[in-house]
Amino acid sequence: MNTEEYLLGIDIGSSFVKASLVRVATGRSVASAQSPAAEMPMLAMKPGWAEQDPDLWWEHVVASIRNTLLAFHGRPEQIRAIGISYQMHGLVITSKDHKPLRPAIIWCDSRAVPLGERAFNKLGHEFCLTHYLNSPGNFTASKLRWVKENEPALFARVDKAMLPGDYIALRMTGEAVTSETGLSEGIFWDYILSDVAVDLLEEFELDRKVIPPVAAVFSIQGKLLPSVAGELGLAPGTPIAYRAGDQPNNAFSLNVLEPGEAATTAGTSGVIYSVTDQDAYDRASRVNTFIHVNNQRDKKRNGILLCVNGTGILNNWLRRNVHSGSPLTYEEINRIASESPVGANGLMVLPFGNGAERMLENRLVGASIHGLNFNQHTQSHMFRAAQEGIVFSLRYGFDILKEMGVATHVIRAGKANLFLSPLFREAFANTIGVNLELYDTDGATGAALGAGLGAGIYKSPAEALASLGIPDLIQPQSHLVEPYNRAYESWKKILNEYLAG
């Protein structure tokens, strides 16, 4: 009889939901599944809008868990805890019977930018930056105000406003709960008061009662309902013991917990998330500070996030549209891209075609191609220029972190998405100028390990993450640093001219 203990992690992205079953003794995933087979659609009824149906997430949560369990030959009771990672900054509003009242307004939706700017000006820039470490910008609180202003009849039925992971946990447990980390990512948290951002709620005319009760990131946050357990193939009463936004969770899964360490991803969006022990902020809110998963009252840990909305989504657009015949695989794109030199012979891509970019002060600039020569450039140059443009965008944000005095000595990533591309890895390490460590882990595995820590099965982060092992190391190379930096400076010049004009 199998007497091993296991943990289940769920990673709810805007493209896919992934589940991973992890063996407690080894910290390694033994089975995983992703749903759907093709990427989940985003509803964009107007320019700058992006919505998804929360019940569609649930459909794929069920599918990914059940498909993961097909390879599990033990008993449901052996799965000791569940962890949830989720796409950040989204808004799910529910009625008293826990039903979503409208599609979720997700992270890359930019409709609430003017409302966030209005609150920023009325409350005062200095007040917002010192209390919230951010402008209210385009975050969850501003999105909720948009619903109040534009859909008042629907808003009158709102019982709770939640982040995507809070909603999935609600479906599992019947309990509406959030976390300080989650509240900070929605700009619902006041760092000076160490409490809900009451001044912003008052400015937006929002009742504090719409905010769910707060639980610790690593804690028992509810237990699986019998009816839901049957739907998922799990045991009733299994605890939800961890939840975090996808970027803080990615950092946790990569053991990025201390100042000087950073995590990066390049999925639908591209992110560098750097840990600090300061309440740091950028005066223009081009990068954003949130409470990190391991923050404690006597040991401050915040994560500073720079985000480029259009990374993997650009690569996917090229895969589907720039080909002769059938769409290329990503492996083929990577191979073709590597046939061109650093700088793609002057062809440059600004990859900003997925909503307003916070890093560009919430401007909706769109993606664009510069320097295209019909007699010189080929498919290879286009693919390379796209990957370099993504890296250069991340470098642009990384320079903002350096302006803030945030020092980074190592950046860690999972072996996934664009980090599967040798060219992208090379461009990243040599353009950013920091050692890049690659680990064989992902967000769903990290969420499972977080649940083990939250349920008390692991006694420390070090114990939970002991299985990470030795990473693949990509270091800047002296003969490549200068060509990449030269290409970056040319790219930045084009961006600045584009923004000015």
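Described below are features of the structure shown in this document. Since the structure is predicted, the reported quantities are computational estimates derived from the model, not experimental observations. (Residues numbered from 1 in each chain as written. Predicted model: local features only at pLDDT ≥ 70, side-chain atom pairs only at ≥ 80, totals over all residues. Heavy atoms only, no water.)

Re the overall build of the protein
Secondary structure assignment for the protein yields 17 helices and 20 strands. In terms of overall size, the protein behaves like a compact globule, its C-alpha atoms giving a radius of gyration of 22 Å where 501 residues would be expected to give roughly 23 Å. Projected onto the principal axes, the alpha-carbon positions of the protein cover approximately 65 × 60 × 45 Å. Across the 501 residues of the protein, 61% fall into the buried class. Within the protein, residue pairs in contact and separated by at least 24 positions form 74% of the contacts whose partners lie at least 6 positions apart. Only carbon and sulfur atoms are counted for the fraction: they give 50% of the accessible area of the protein, which is about 18800 Å². When the 44 positive and 52 negative side-chain charges of the protein are each reduced to one mean point, those points stand 2 Å apart. (Helix = DSSP H or I, 4+ residues; strand = E, 2+ residues; numbered from the N terminus. Rg over C-alpha atoms; globule rule 2.2 N^0.38 Å. Buried < 20%, exposed > 50% of the residue type's maximum accessible area, 1.4 Å probe, protein only. Contact = heavy atoms within 4.5 Å. Areas by Shrake-Rupley, 256 points an atom, 1.4 Å probe, with all protein chains shown as cover. Lys, Arg positive; Asp, Glu negative; His and termini not counted. Charge placed at Lys NZ, Arg CZ, Asp CG, Glu CD.)

With respect to the packing of helix H13 (residues 379-403) against helix H14 (residues 422-432)
When two helices pack together, their arrangement is captured by the angle between the axes and the distance separating the axes. Viewed as axis vectors pointing N to C, H13 and H14 meet at an angle of 30 degrees, and their least axial separation amounts to 9 Å. Regarding the angle of H13 to H14, the classification is roughly parallel. As for how H13 packs across H14, the hand of that crossing is right-handed. Along the contact surface, H13 presents Arg384, Gln387, Ile390, Val391, Phe392, Leu394, Arg395 and Phe398, while H14 presents Leu423, Phe424, Glu426, Ala427, Phe428, Thr431 and Ile432. Residues of the contact of H13 with H14, tallied by class, amount to 10 nonpolar, two polar and three charged. (Axes fitted to C-alpha atoms, helices over the stretch in contact; angles between N-to-C directions. Parallel < 35°, antiparallel > 145°, perpendicular 65-115°, else oblique. Left-handed = near helix turned anticlockwise from the far one by under 90°. Nonpolar A, V, L, I, M, F, W, Y, C, P; charged D, E, K, R; others polar.)

Quick look at the nonpolar core
Soluble globular proteins tend to pack their nonpolar side chains together in the buried interior. Grouped together as the largest cluster of nonpolar side chains are 69 residues, with contacts concentrated most on Ile93, Leu144, Val147, Leu200, Tyr242 and Phe252. Considering each element in turn, this core owes the most residues, five residues, to helix H15 (residues 443-454). With residues up to four places along the chain from it excluded, the contact list for Leu200 reads Ala119, Leu123, Tyr132, Pro136, Ala141 and Ile187. Met348, Ala427, Leu436 and Ile474 belong to the second-largest nonpolar core, a separate cluster that totals 58 residues. (Core = buried A, V, L, I, M, F, W, Y, C linked by side-chain atoms within 4.5 Å.)

Re the sheet that holds strand S15 (residues 302-308)
Judged by pairing direction, the sheet is mixed, and its seven strands sit side by side in the order S14-S15-S13-S12-S18-S19-S20 without closing on themselves. If you trace the sheet from one side to the other, it starts and ends with strand S14 (288-291) and strand S20 (472-474), each paired once. For this sheet the average axis-to-axis angle between neighbouring strands, irrespective of direction, equals 25 degrees. Looking at chain direction, strand S18 (residues 410-414) and strand S19 (residues 436-439) are connected through four bridges and run parallel. In the strand pairing of S19, Ala413 is matched with Leu438. Packed onto the sheet, H13 meets strand S13 (270-276), S15 and S18 and runs at close to 145 degrees relative to S15. This element, H14, spans strand S12 (261-266), S13, S18, S19 and S20 of the sheet and lies at about 145 degrees to S19. (Pairing = 2+ DSSP bridges.)

A word on the sheet that holds strand S1 (residues 6-12)
Taken in spatial order, the five strands make up an open sheet running S3-S2-S1-S5-S11, and their pairing is mixed. Only two strands of the sheet have a single partner each, and these edge strands are strand S3 (28-35) and strand S11 (240-245). With strand direction ignored, the average angle separating the axes of adjacent strands in the sheet is 15 degrees. Pairing analysis gives five bridges linking strand S5 (residues 79-86) to S11, with the strands arranged parallel. Looking at the pairing, Gly83 lines up with Tyr242 of S11. Across the sheet, helix H10 (residues 246-253) touches S1, S5 and S11, and the angle it forms with S11 is around 110 degrees.

Any link to function would need more than the numbers given here.
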